[in-house]
Amino acid sequence: MQAAAGMEPDLPARAIRAAGLKVTAPRLAVLEMLRGAPHSSAEDIFAGIRSALPGTSTQAVYGILSAFAAAGLVRRFDPPGSPTRFECRVGDNHHHIVCVRCRAVRDVDCVVGQAPCLQPSDDSGFVVFAAEVTFNGLCKTCQEQAAHTEV
Ligand SMILES: [Zn+2]
Ligand SMILES: [Zn+2]
């Protein structure tokens, strides 16, 4: 058994095991890639791991991501007008800000510090435990580009 001090590189394997899933090379590659590149789509991840895992496919990556999401290991996020993104940051009630031009996604911390950030004006009798907010805007790069092209 490894000492606790050397645990960092083994973290993805531990996380997969803790989620009740078997550790496989493709699962490890997907989770490692996602840790380094949050809000990636299945396509993005496939592009990042295909050279290391020639036998894999977008469909396989999507299957792995779905299993991870079902096990609570990753969170899925559907920005309007672009493919589903995945991230390892789960369970903290964070929101997203999306650039309407280049589709860049950034995290926004929970607005009031605890879930749900918002109370609906009429909850129809539901018990509300989470609110997912997508802020739409223009990222810095796109603001600069817009300023140049408008001249
Ligand atoms: Zn942008
Ligand atoms: Zn996020």
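Data block above holds the structure.
What this report covers is the structure whose coordinates are included nearby. Quantities reported herein were computed from a predicted structural model and do not represent experimental measurements.

1. A closer look at the coordination of the zinc ion (ligand 2)
Then, in step 1: Protein-derived coordination of the zinc ion (ligand 2) comes from H39 (NE2), E87 (OE), E87 (OE), H94 (NE2), H96 (NE2) and D107 (OD), at a distance range of 1.9 to 2.6 Å.
Then, in step 2: Considering all 6 donor atoms around the zinc ion (ligand 2), the spread of angles at the metal, 55 to 171 degrees, places the coordination shape in the irregular class.
Then, in step 3: Taken in chain order, the donor set of the zinc ion (ligand 2) reads H-x47-E-x6-H-x1-H-x10-D. Highlighted residues: E87 in strand β3 (residues 85–87) and D107 in strand β5 (residues 105–108), separated in sequence by 20 residues.

2. Observations concerning the coordination of the zinc ion (ligand 1)
Then, in step 1: Coordination sphere of the zinc ion (ligand 1), protein contribution only: C99 (SG), C102 (SG), C139 (SG) and C142 (SG), at 2.3 Å.
Then, in step 2: Each of the 4 donor atoms bound to the zinc ion (ligand 1) contributes to angles spanning 104 to 114 degrees, and the resulting shape is tetrahedral.
Then, in step 3: Here the donor residues of the zinc ion (ligand 1) share one chain and are spaced in sequence as C-x2-C-x36-C-x2-C. Taken as a pair, C102 in the loop between β4 (95–99) and β5 and C139 in the loop between β6 (134–137) and α5 (140–149) lie far apart in primary sequence, 37 residues in all.
Then, in step 4: By relative accessible area, which is 41% here, C102 ends up partly exposed.

3. Here we look at the pattern of salt bridges
Then, in step 1: Inspection of the entire model under this criterion finds 4 salt bridges.
Then, in step 2: The closest approach of N and O atoms between D92 and R89, which form a salt bridge, is 2.4 Å.
Then, in step 3: Judged by its relative accessible area of 28%, D92 falls in the partly exposed class.
Then, in step 4: Classification of R89 as partly exposed rests on a relative accessible area of 30%.
Then, in step 5: The structure contains a network of salt bridges with shared partners spanning R89, D92, D107 and D109.

Conventions we followed
Residues numbered from 1 in each chain as written. Chains lettered and ligands numbered in written order. Predicted model: local features only at pLDDT ≥ 70, side-chain atom pairs only at ≥ 80, totals over all residues. Heavy atoms only, no water. Donors = N, O, S within 2.8 Å, 3.2 Å for Na, K, Ca; no water. Tetrahedral: all angles 85-135°; square planar, octahedral: opposite > 155°, others 65-115°. Helix = DSSP H or I, 4+ residues; strand = E, 2+ residues; numbered from the N terminus. Buried < 20%, exposed > 50% of the residue type's maximum accessible area, 1.4 Å probe, protein only. Salt bridge = Lys/Arg side-chain N within 4 Å of Asp/Glu carboxyl O.

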